[in-house]
Amino acid sequence: MDFQARRERLRKGLKKAGVDALLVTDFTNVTYLTGFTGDDSYLLVRRDGETILSDPRYTTQLEEECPSVDLNIRPPGVAMLQAVAKVVHSAKVKRLGVEADSITVGLRDQIAEKLPKAELVPTSGLVEQLRIVKDKDEVERLRRAVWQAEKAFAVLRSTIRPEKTEKEVADELEYQFRLFGAKDASFPSIVAVGPRAALPHATPGRDRIGDDDFVLVDWGANDGLYCSDLTRMVVTGKISPKFERIYNTVLEAQQLAIKAVRPGVTGHDVDNVARSYIAKAGFGNRFRHGLGHGLGLLVHEAPRLAVKSDTVLQPGMVVTVEPGIYLPGWGGVRIEDDVLVTRSGHEVLTSVSKRLEDAVIG
Ligand code: ZN
Ligand code: ZN
């Protein structure tokens, strides 16, 4: 991945923000700009270069993961704050940008105290606005995370048994995508049987897969950097007319919304396509979360597809499209895919079948 190019783009942002340097304290932003996957490390990006500030636990990993970045490894006994002050001072930074959404008030005050001659300038979104549009390498990594999640789901489908608990199925699913190369789950997997599927963020418990007619599975793989996120329904019993009606409503809403994904529309526009379809079908107050979110190094990041999102979609953005209908006491249906905005419209990165017939397992 071309981390150097990302830092160059950030430097242009520094100029615009009127700062000499940016102290990147958000660890995900540090990863984005350097490839370093550890934590407890900050990155100082100056107009003419950059330095990672870390400690001896990470020396070897830093040399491996980001050989092109200057390292400042503070010896034991030297606090991060002292190291920051020293590096900022010797770089003669007058206006130091800090990440207002990440730095603590305590650290900001301490830096200000240590560097009375430097002015601390709060900035917001300088790195995040770069992260929102994925480059080619990032899209490849996202494809890999999708592939790992989908392979694991295929195994799950062929091995799922009615006597297994939600928790067992969730654990097996996560084990499977690790076997396919994932480092971790993007988020704790959701496996929710029948009425428990009415909770959009249900925690897998002791309910058994065969306790009701259907199961909601929401899962994603982290390939080591990038996250996928999918939801499918698995039908283990009979398809009731009610389930079929709700499933088809959610599916149609989702397909219409995916069709609406293209450059130039806002997150609100896409959300509204699904929301108004579900409302017309009579379930308006049963779809109470946003339609989707961006995917990248984090499983939830910009842009949002939501009622209040005025973000204009651009090629390279990757979003989930995940409408749902939830009826307390009965259950819920959600269908979620990962979608790349392309120059001509969109490409759906996920490919697990959504046909109701295919949701049924023997
Ligand atoms: Zn999800
Ligand atoms: Zn999601």
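Per chain, the residues get numbers from 1 upward, laid out in the order the sequence is written. Throughout, the order in which chains and ligands are written sets their labels, letters from A for the former and numbers from 1 for the latter. In view of the model being predicted, local features appear only for residues whose pLDDT reaches at least 70, and side-chain atom pairs are presented and counted only at 80 or more, with totals across whole chains, interfaces and linings using the full set of residues. Excluded from the side-chain calculations are hydrogens and water; all other atoms, namely the structure's heavy atoms, are used.

Draft legend 1. Local environment of the coordination of the zinc ion (ligand 2). Shown as donors are all N, O and S atoms within 2.8 Å of a metal ion, widened to 3.2 Å for Na, K and Ca; because water is not in the atom set, sites may appear incomplete. The coordination sphere of the zinc ion (ligand 2) contains the protein donors Asp 229 (OD), His 293 (NE2), Glu 322 (OE) and Glu 336 (OE), at a distance range of 2.0 to 2.2 Å. Here the zinc ion (ligand 2) binds four donor atoms, and the angle range of 79 to 152° at the metal identifies the geometry as irregular. One chain supplies every donor for the zinc ion (ligand 2), spaced along it as D-x63-H-x28-E-x13-E. Between the two metals, the zinc ion (ligand 2) and the zinc ion (ligand 1), the spacing is 3.2 Å, and Asp 229 donates to both. One end of the pair, His 293, is in strand S12 (residues 292-294); the other, Glu 322, is in the loop between strand S14 (318-321) and strand S15 (324-327), and 29 residues separate them in sequence. Neither His 293 nor Glu 322 differs from the other in exposure class; each is buried. For a four-donor site, all angles between 85 and 135 degrees give tetrahedral; for four or six donors, opposite pairs above 155 degrees with the remaining angles between 65 and 115 give square planar or octahedral; all remaining cases count as irregular. Helix and strand labels come from DSSP, where a helix needs a run of H or I of at least four residues and a strand needs a run of E of at least two; each type is numbered from the N terminus. Whether a residue is buried, partly exposed or exposed follows from its accessible area with a 1.4 Å probe, protein chains only, as a fraction of its type maximum: under 20%, in between, or over 50%, in that order.

Draft legend 2. The environment of Pro 195, seen in detail. Structurally, the position occupied by Pro 195 is in the loop between strand S8 (190-193) and strand S9 (214-219). Overall, the relative accessible area of 35% leaves Pro 195 in the partly exposed class. Sequence separation of Pro 195 and Gly 329 is 134 residues, and the distance between their C-alpha atoms is 5.2 Å.

Draft legend 3. Local environment of the domain arrangement of the protein chain. Each domain's extent was defined by an automatic or database domain assignment. Looking at the assigned domains, one finds that the protein chain contains domain 1 (3-131) and domain 2 (136-359). Each of domain 1 and domain 2 has a C-alpha centre, and these two points are 35 Å apart. Between domain 1 and domain 2, the contact holds six residues from the first and seven residues from the second. Each partner contributes to the roughly 560 Å² buried at the junction of domain 1 and domain 2, and carbon and sulfur atoms together form 56% of this total. Basic side-chain nitrogens of Lys or Arg form a salt bridge, by our definition, when they fall within 4 Å of a carboxyl oxygen of Asp or Glu. Joining domain 1 to domain 2, the criterion identifies one salt bridge. Note that Arg 131 and Glu 301 form a salt bridge whose closest N and O atoms lie 3.0 Å from each other. Any pair of N or O atoms that falls within 3.5 Å is considered a polar contact. Within protein, one atom must be able to donate a hydrogen and the other to accept it, and sequence-neighbouring residues count only if both atoms are side-chain atoms. One can count one residue pair in polar contact (both at pLDDT 80 or more) joining domain 1 with domain 2. In terms of residues, the side of domain 1 that touches domain 2 owes the most to one element, helix H2 (residues 27-34), which gives three residues. Contact definition: two residues touch when any of their heavy atoms are within 4.5 Å. By buried area we mean how much accessible surface two parts lose on assembly, using a 1.4 Å probe and totalling the loss over both.

Draft legend 4. Examining the packing of aromatic side chains more closely. Two aromatic rings, drawn from Phe, Tyr or Trp (for Trp, its six-membered ring), form a pair once their centres lie within 6.5 Å of each other, and the interplanar angle then sorts them: stacked below 30 degrees, edge-to-face above 60, tilted otherwise. Inspection of the entire model under this criterion finds eight aromatic pairs. Seen from their ring centres, Trp 147 and Phe 180 are 5.7 Å apart, and the 85° between their planes marks the pair as edge-to-face. Of the two residues, Trp 147 is situated in helix H7 (residues 136-159) and Phe 180 in the loop between helix H8 (166-179) and strand S7 (184-185); the sequence distance between them amounts to 33 residues. Accessibility expressed as a relative area gives 44% for Trp 147, which makes it partly exposed. Look at Phe 180 and you get partly exposed, because its relative accessible area is 26%.

Draft legend 5. Region of interest: the coordination of the zinc ion (ligand 1). Around the zinc ion (ligand 1), the donor atoms from the protein are Asp 218 (OD), Asp 218 (OD), Asp 229 (OD) and Glu 336 (OE), and they sit 2.0 to 2.6 Å away. Because the angles between the four donor atoms bound to the zinc ion (ligand 1) fall within 55 to 148°, the donor set is best described as irregular. Coordination of the zinc ion (ligand 1) draws on donor residues from a single chain, spaced D-x10-D-x106-E in sequence. Given a relative accessible area of 3%, Asp 229 falls into the buried group.

Draft legend 6. Just helix H1 (residues 3-17), in detail. To estimate the expected span of a helix, subtract one from its residue number and multiply by 1.5 Å. Taking 1.5 Å of rise per residue, 15 residues should cover 21 Å, and H1 covers 21 Å from first to last C-alpha, within 8% of that figure. Listed in full, the buried residues belonging to H1 are Phe 3, Arg 6, Arg 7, Leu 10, Arg 11, Gly 13 and Leu 14. Looking straight down H1, one finds its buried side chains confined to an arc of 165°; they lie on one side. Opposite the packed face of H1, turned more than 90 degrees from it, sit the exposed residues Lys 12, Lys 15 and Lys 16. Read the arc as the range of directions from the helix axis to the C-beta atoms.

Draft legend 7. Looking closely at the layout of surface pockets. Buriedness for pockets is judged along seven lines, at least five of which must meet protein on both sides within 12 Å for an open set on the 1 Å grid over protein atoms alone, while cavities are sets there where a 1.4 Å probe fits but cannot get out, and lining residues have an atom within 4 Å of a point. Grid points are joined across faces, edges and corners, and a volume is the space filled by probe spheres set on the points. The calculated volume of the largest pocket comes to roughly 360 Å³. For the largest pocket, the lining is made up of 23 residues, of which His 201, Asp 218, His 293, His 300 and Glu 322 are closest to its centre. Counting only elements with at least two residues in the lining of the largest pocket, the list comes to S12 and strand S13 (301-305). A breakdown of the residues in the lining of the largest pocket according to their chemical character gives nine nonpolar, eight polar and six charged. For the second largest pocket, the calculated volume is near 310 Å³. Lining the second largest pocket are 17 residues, with Lys 183, Asn 222, Gly 224, Leu 225 and Leu 297 sitting closest to its centre. For the lining of the second largest pocket, the secondary structure elements donating two or more residues are H2 and S7. For the lining of the second largest pocket, the element with the most residues is H2, which contributes three residues. In this classification, Asp, Glu, Lys and Arg are treated as charged, Ala, Val, Leu, Ile, Met, Phe, Trp, Tyr, Cys and Pro as nonpolar, and every other residue, Gly included, as polar.

Draft legend 8. Broad picture of the sheet that holds strand S11 (residues 230-235). Being paired, for any two strands, means DSSP has found at least two bridges between them. Taken in spatial order, the three strands line up as S8-S9-S11 in an open sheet, and their pairing is antiparallel. The open sheet has two free edges, formed respectively by S8 and S11, since each of these has just one partner strand. Across the sheet, the mean angle separating the axes of adjacent strands is 15° when strand polarity is ignored. Of the strand pairs in this sheet, S8 and S9 are connected by four bridges, and their pairing is antiparallel. Bridge pairing links Ile 190 to Asp 218 in S9. An axis is simply a line fitted to the C-alpha atoms; with a helix, the fit covers only the stretch in contact. Between two such axes, the angle follows the N-to-C directions and lies from 0 to 180 degrees. Each of S8 and S9 is contacted by H8, which is oriented at about 150° to S8, the strand it contacts most.

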